[in-house]
Amino acid sequence: MEGTMKQTSKLGRRLLLFPAPFHGHLNPMLQLATLLYSKGFSITIIQTPYNPINLTDFPHFTFCSFHNSLLESYSKSPPPDTVTVISSMDTCCEAFRDCLSQILRETAAADTDTDGCKEHIAALIADPMWKFVGSLTASINLPRLVLRTGSISALLVYLSLPSLREKGYLPARDNNLDEILPELSPLKVRDLPLEWPHHLLETFVRETETSHGVICNTFEELESYATAQVKRSLPIPIFPIGPLHKQSPTSDTSIWAQDQTSITWLNKQTPKSVLYVSFGSVATMSKAEFLELAWGLLESMVPILWVVRHGLIQGSEVNNSLPEGYLDMLGERGHFVKWAPQLEVLSHPAVGGFWTHNGWNSTLESICEGVPMLCQPIFADQDMNARHVSDGWKIGMKLEKGIKREEIARSIRKLMLEEGEEMRSRITALKEKATLCVKEGGSSYTSIERLTSYLLSF
Ligand code: UDP
């Protein structure tokens, strides 16, 4: 375990943050940390050896990094599937407890100093994926909030699972997959996280409903119905303060190196001509699926910037997955990178569409830059996000599973050349709302003020 107390806050309050070790969870937690630091709190981040944050990138935070041999072994390639990693997070309980005790001891010792810098720990903000944190913090009376890094609509679905079972929607059957869920419209039964182990969802719900408050990376204007329903269901404060990358003084919190050739290549393209393709940090696909995508992209004749990260193609890398002569056929019309500066890419004038897996961060980022989406959800909450994008907000088109190259090419052309304009005008309206909500008097701006006062009350 490493870590020392250094920075003290203007407010005399320290916040402990415990992110789940996945890119899509670390990013918003780091943005939240940066935002709360700018409000005067000092920050300690507790982290595992899986996807470790480079401490020198965040010199104003204190880190407490603990060891866990299982997660350490998973950091080495090939990465295991996400459910395996999530399940093994339970083995961090003791190391986390030791880390917490160390921080509490150090803070108590610092309190006895005579330099006038008395500080106390106001609260812990944890990812609700951590199953053991609620009972541990309750046993020492440490206030705990959770950061919800996914949509609030997905949280509403998780809260509704018992009633969906009671009403007979679950378990799903072959003949009800296309039924729209009346109180969760436009979601259909098939969009529910059917393959996701239920004990994990129950963990998220339990850790959320037993917390002192839920911080959500969303904005009320985007998810007004779900926000109102969740507020009604949970007797704790709810703080929709997103989009966090717009609220945080530094939105660039990527823990992986971003390939800047993405931008130099985009600079050579015409406005709104490029389809940006990325499936996030954890989703994987078979070599056969990857090939179908590659052919579809080629046949669409649209310029593409494609992120093929290490581990995306199961058991293979991009170089030995593409058919012979593919890169020559694509020529200057395509550019591959292992990891892109996604926020910069989406805001680049040459980008006209985003082929995405609809992870919540990617979905929000696309909305914030007004880029219509081609949705190819792969697992977890992505089907629900994609349904909202395509059937709810109507700012994207959903590709059904098992789609073939001709249809891929047709859908890409439809998005980029035919129906894109209507979607673009709807997403531009949402982009304006996202911009306004973080300005003074806006819904998320007000929510962050409420959150700050709430944290100061501990
Ligand atoms: N991202 C990035 N470069 C890439 C691809 C993704 O910086 O080449 C970032 C993206 O901006 C987003 C995060 O990685 O903030 C992915 O989170 P998301 O919730 O979309 O998907 P996940 O990785 O959790 O499946």
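Residues numbered from 1 in each chain as written. Predicted model: local features only at pLDDT ≥ 70, side-chain atom pairs only at ≥ 80, totals over all residues. Heavy atoms only, no water.

## Considering the state of the cysteines
Formally: For this text, the term disulfide refers to a pair of cysteine sulfurs within 2.5 Å. Numbering goes from the N terminus for both helices and strands, where a helix is a DSSP run of H or I of at least four residues and a strand is a run of E of at least two. In this scheme, a residue with accessible area under 20% of its type's maximum is buried, one over 50% is exposed, and one in between is partly exposed, where area comes from a 1.4 Å probe on protein chains only.
Across all of its chains, the model carries one disulfide by this definition. Two residues, Cys-64 and Cys-99, share a disulfide whose sulfurs are 2.4 Å apart. Here Cys-64 and Cys-99 share a disulfide; its torsion about the S-S bond, -125°, makes the bridge left-handed. Taken together, the residues Cys-64 in strand E3 (residues 62–65) and Cys-99 in helix H4 (residues 93–111) connect sequence positions 35 residues apart. Per residue, the accessibility class of Cys-64 equals that of Cys-99, and both read buried. Lacking any disulfide linkage, Cys-92 is separated from the closest cysteine sulfur, that of Cys-93, by 9.0 Å. Residue Cys-92 is classed as buried on the basis of its relative accessible area, which comes to 0%. Between Cys-216, a cysteine without a disulfide, and Cys-437, which holds the nearest cysteine sulfur, the sulfur-to-sulfur distance is 13 Å. Given a relative accessible area of 1%, Cys-216 falls into the buried group.

## Here's the deal with the sheet that holds strand E5 (residues 144–148)
The condition that has to hold: Pairing between strands is defined by DSSP: at least two bridges between the two strands are required. Note on definitions: angles span 0 to 180 degrees between N-to-C directions of axes, and those axes are lines fitted to C-alpha atoms, for helices only across the stretch in contact. By definition in these notes, contact holds between two residues if any of their heavy atoms fall within 4.5 Å.
The parallel open sheet is built from seven strands, whose spatial order is E3-E2-E1-E4-E5-E6-E7. Of all the strands in the sheet, the pair left with one neighbour each is E3 and strand E7 (238–240). The mean inter-strand angle of the sheet, taken between neighbouring strand axes irrespective of direction, is 25°. In terms of strand pairing, strand E4 (residues 120–126) meets E5 through three bridges, oriented parallel. By the bridge assignment, Ala-126 is partnered in E5 with Val-146. Packing of helix H18 (residues 443–456) onto the sheet brings it into contact with strand E1 (13–18), E4, E5, strand E6 (214–216) and E7, and relative to E7 it is tilted by some 140°.

## Brief notes about the sheet that holds strand E12 (residues 373–375)
Spatially, E10-E9-E8-E11-E12-E13 is the arrangement adopted by the six strands of the open sheet, whose pairing is parallel. At either end of the open sheet lies a strand with only one pairing partner, and these are strand E10 (334–337) and strand E13 (396–398). The average angle at which neighbouring strand axes cross in this sheet is 15°, direction not considered. The pairing of strand E8 (residues 274–278) with strand E11 (residues 351–356) spans five bridges and is classified as parallel. Bridging from a neighbouring strand, Val-277 pairs with Trp-355 of E11.

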